[in-house]
Amino acid sequence: MATFSASSMWMWGGSDAFAEEDEDGQEIPAEQEIRWANKDSLIMLIDCTKAMFVLNGDNDLTPFQLSIKCARSVLMNKIVSSDKDLVGIVFFGSEKSGNPSDFKHVHILQELDSPDAQRILELDTLIADDEGNDFADNYGHNDDFSMNDALWTCSNMFSTSHQKIGHKRIMLFTNNDDPHQGNLSLKRLAQTKAKDLNDIGIEIELMHIQPANNIFDITKFYQDIVTVPEDEDIGVVPDASEKFDELLIRVRAKDHKKRSLMKIPLSLGQDLEVGVSVFSLCRPTTRPSYVQLDSKTNQVVKTVTKHICEDTGSELMAADIKYYQNFGGERVVFEKEEVGEVKNFGKNGLTLMGFKPKRCVKRHYHVRSSYFIYPDETVISGSTRLISALLERTLQRDVVAICKFVPRHASAPKFVALVPQKEVLDEHKVQVEPPGFQLVFLPYAEDFRQLKFEETPAPMNEQVDKAKDIIKSLTFQYNPDKFENPALQKHYANLEALALDRDIPEEFIDYTEPDVENIDKRAGDHINDFIELTFPEGYNANAAQKGATKRKTTNTTGGGAAKKVKQEASDIDFQEYAQKGLLSKLTVNDLKAFCKSADIKCQGKKADLINAISAHFNVN
């Protein structure tokens, strides 16, 4: 049976804002996205005992260096995606102590604050200490620590922060599965403190690292420390990480607090509703917009928008502004409240319309990126159990739920398909796909386009077979996680170099560039055979590509390229165009020229010009 839990969604960590829809159903640009009022705060609690400085197997980095390197990655990600969030780093198991409560062997390396370049440089120094000698001299090691004191220090950092904090989390790095072995008193104190933190909303997440020549057993100590929801099976936990890549994947998945796009009801019938949260799992990442500064003071320029009356030049208040639409040459004026009523299609939420076989959802129905829905007990109690039953039944019958989706008040309704998705774990028991429903947007009848394709000669069987050989030779397992946006990487590499005062930016590999050598090795013979079968003798692909920069059209008289003769506005029968509804085919300049010659007073967009000309010829 499919089960849900809060931690099932930890793979969904995203940026500091999700793209929202405007009133016409289009996505708002990144610069207009909603910023979350509550900041995410994260404290990385890192074990500094001697065991963390012992190399494990063939690893080049010690567990401590792995932890610091992951912490550095978190700071870099926060700077890029959510620089308003707060991050802190605390050592436990060190000889040096530094905290307001004077707890022994607990040291605050970085207070809870926004990430900056100096913090990253400090971590770079720790990563470069391969032997750990500098750390031993500056901080030292001591096993006589109390996990209760370490957790208490983190709690004090949250409570004494002067900034408003929305989400509080502790990420604990260690390779010791039983830090208080044989000391029941310290173990009980730590368990009690962890429970108290959970009660006040502070989550503790374990980033456990594989110890040398041993197995990390979470049941010895951390089973009662880590925050685990009641409906999650404690036996299904990720394996301890051995490599940096394994640990980094888990850290990146959790360094952002999951935030829902919206919380709405799902109506399954009369007087039967469940609560769901809607998440945006995939959206384009863009470079941040530039901030305008005063050239003299370098102060941020404040943008102020004012509405000015065209006739009087006076400034208009919000109550002075109305809206209109052209209809039959007349302006139909609306109040702001009337516009809202026109766009009102009932309360927001999902309404079940019925079920269809999964095969009915075609790939070419794609309209936009899908959302993901997950049960939310805070909206309606008991939602998890009912959604779990619905997920299990739809998976068994291989069907999708067709629903009407109204994202929020005054949003246009959309038809969507709720496609069931079961949970998938990898070989390390790390979640790859969460359980829930993909919310796939379906097109309306007006969204389909009727395309006319030119008839082309049918290929020969030999050509088809050789093309299949090329495709088979170049087929690979595509994973978007392996391809980073080169434009973004170059942008942030230069910013990082400037912020960290480096001479040159760090080099990055553009994986979008085709591997010509490997392609030729795998499919070169097939490609040459295909060229011989398809193109005439002596064909040169490079020469053809260079000559294709300008396409020439030969006329019937054997002359040069035939130029398209531009139709003058005076030669256009505007009355005929208006009666046939073809005015939209004309350019704005043609429409303006006719309005001027016919003494039609009209200014504005192309639609306004078309309406004015249609009214001039009494065409509705």
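Residues numbered from 1 in each chain as written. Predicted model: local features only at pLDDT ≥ 70, side-chain atom pairs only at ≥ 80, totals over all residues. Heavy atoms only, no water.

## Observations regarding a negative patch on the surface
Alright, step 1. Taken together, the side chains of D515, E517, D520 and D525 make up a negatively charged region of the molecular surface.
Alright, step 2. Assignment of secondary structure puts E517 in helix 11 (residues 516-534).
Alright, step 3. A relative accessible area of 68% places E517 in the exposed class. (Patch = residues over 30% accessible without salt bridge, like charges linked within 9 Å, V, L, I, M, F, W, Y side chains within 5 Å. Areas by Shrake-Rupley, 256 points an atom, 1.4 Å probe, with all protein chains shown as cover. Salt bridge = Lys/Arg side-chain N within 4 Å of Asp/Glu carboxyl O. Lys, Arg positive; Asp, Glu negative; His and termini not counted. Charge placed at Lys NZ, Arg CZ, Asp CG, Glu CD. Helix = DSSP H or I, 4+ residues; strand = E, 2+ residues; numbered from the N terminus. Buried < 20%, exposed > 50% of the residue type's maximum accessible area, 1.4 Å probe, protein only.)

## Some words on the side chain of D47
Alright, step 1. Along the chain, D47 turns up in strand 1 (residues 39-47).
Alright, step 2. Only 2.9 Å separates the side chain of D47 from the side chain of T174, close enough to count as a polar contact.
Alright, step 3. Beyond its immediate sequence surroundings of up to four residues, D47 is in contact with M52, F64, F92, F173, T174, N175 and N176. (Polar contact = N/O pair within 3.5 Å; in protein donor to acceptor, adjacent residues only side chain to side chain. Contact = heavy atoms within 4.5 Å.)

## Describing the packing of helix 9 (residues 461-474) against helix 11
Alright, step 1. The N-to-C vectors of helix 9 and helix 11 enclose an angle of 165°; their axes lie 9 Å apart at closest approach. The orientation of helix 9 with respect to helix 11, classified from their angle, is roughly antiparallel. Like other packed secondary-structure pairs, helix 9 and helix 11 cross with a definite hand, here left-handed. Between helix 9, through E462, Q463, K466, A467, D469, I470, S473 and L474, and helix 11, the contact on the second element is made entirely by I519, R522, A523, H526, I527, D529, F530, L533 and T534.
Alright, step 2. Of the residues that constitute the contact of helix 9 with helix 11, the class distribution is 8 nonpolar, 4 polar and 5 charged. (Axes fitted to C-alpha atoms, helices over the stretch in contact; angles between N-to-C directions. Parallel < 35°, antiparallel > 145°, perpendicular 65-115°, else oblique. Left-handed = near helix turned anticlockwise from the far one by under 90°. Nonpolar A, V, L, I, M, F, W, Y, C, P; charged D, E, K, R; others polar.)

## Remarks on the pairing of strand 15 (residues 414-421)
Alright, step 1. With 7 of 8 residues buried, strand 15 lies mostly within the body of the structure.
Alright, step 2. Taken together, the 6 bridges between strand 15 and strand 18 (residues 436-441) define a ladder with antiparallel strand orientation. Across the sheet, residue V416 finds its bridge partner in strand 18, namely F441. (Pairing = 2+ DSSP bridges.)

## Thoughts on the environment of S381
Alright, step 1. Here S381 shows up in the loop between strand 13 (371-375) and helix 8 (383-397).
Alright, step 2. The exposed category is assigned to S381, whose relative accessible area is 68%.
Alright, step 3. Sequence separation between S381 and G275 is 106 residues; the distance between their C-alpha atoms is 7.7 Å.

## Notes on the sheet that holds strand 7 (residues 272-279)
Alright, step 1. The mixed closed barrel is built from 7 strands, whose spatial order is 6-7-13-18-15-14-12. Across the sheet, the axes of successive neighbouring strands diverge by a mean angle of 40°, strand direction being ignored.
Alright, step 2. Both strand 6 (residues 262-269) and strand 12 (residues 349-357) contribute to a ladder of 2 bridges, which runs parallel. Counted as the bridge partner of S267 is T351 from strand 12.
Alright, step 3. Running over the sheet, helix 8 touches strand 6, strand 7, strand 12, strand 13, strand 14 (399-406), strand 15 and strand 18 and is turned about 80° from strand 7.

## With respect to a nonpolar patch on the surface
Alright, step 1. A cluster of nonpolar side chains, contributed by F476, Y478, F483, I509 and Y511, occupies part of the molecular surface with about 590 Å² of accessible area.
Alright, step 2. Within the element layout of this structure, F483 appears in the loop between helix 9 and helix 10 (486-499).

## Things to note about the sheet that holds strand 1
Backbone-to-backbone hydrogen bonds join strands into a sheet, with any given pair of strands oriented parallel or antiparallel.
Alright, step 1. Spatially, 3-2-1-4-5 is the arrangement adopted by the 5 strands of the open sheet, whose pairing is mixed. Where the open sheet ends on each side, the last strands, each with one partner, are strand 3 (106-113) and strand 5 (202-208). Each strand of the sheet is rotated relative to its neighbour by a mean of 15°, with strand direction disregarded.
Alright, step 2. Strand direction decides the pairing type here: strand 2 (residues 86-92) and strand 3, joined by 5 bridges, are antiparallel. The residue bridging V87 from the neighbouring strand is D113, located in strand 3.
Alright, step 3. Strands strand 2 and strand 3 of the sheet are contacted by helix 2 (residues 117-127), whose axis makes an angle of about 150° with strand 3.

## Examining unusual backbone geometry
Backbone geometry follows two general trends: most residues other than glycine have a negative phi, and most peptide bonds adopt the trans configuration.
Alright, step 1. A positive phi angle is found at H105, which is not glycine, with a value near 65°.
Alright, step 2. As for its position among the elements, H105 is in the loop between strand 2 and strand 3.
Alright, step 3. Classification of H105 by relative accessible area gives buried; the value is 8%.

## Overview of the packing of aromatic side chains
Alright, step 1. Inspection of every chain in the model, using the stated rule, returns 17 aromatic pairs.
Alright, step 2. Where Y478 meets F483, the ring centres are 5.6 Å apart and the plane angle is 25°; that geometry is what we call stacked.
Alright, step 3. Clustering of aromatic rings is evident, with ring pairs tying together F53, F64, F91, F135 and Y139.
Alright, step 4. Above the plane of the ring of Y324 lies R331, whose end atom (NZ or CZ) is 4.4 Å from the centre.
Alright, step 5. In this structure, R368 is placed above the aromatic ring of F441, and the distance from its NZ or CZ to the ring centre is 4.6 Å. (Phe/Tyr/Trp six-rings, centres within 6.5 Å; stacked < 30°, edge-to-face > 60°. Lys NZ or Arg CZ within 6 Å of the ring centre and 35° of its normal.)

## Things to note about the confidence of the model for the protein
Detailed reading of the predicted coordinates is not advisable wherever pLDDT falls low.
Alright, step 1. In the predicted model, the protein carries a mean pLDDT of 80, and 83% of its residues have values of at least 70.
Alright, step 2. Residue range residues 5-37 is modelled with pLDDT below 50. Its contacts to residues more than four positions away, or to other chains, number 88 contacts.
Alright, step 3. Below pLDDT 50 for its whole length, residues 551-566 participates in 7 contacts with residues either more than four positions away or in separate chains. (pLDDT = per-residue confidence, 0-100.)

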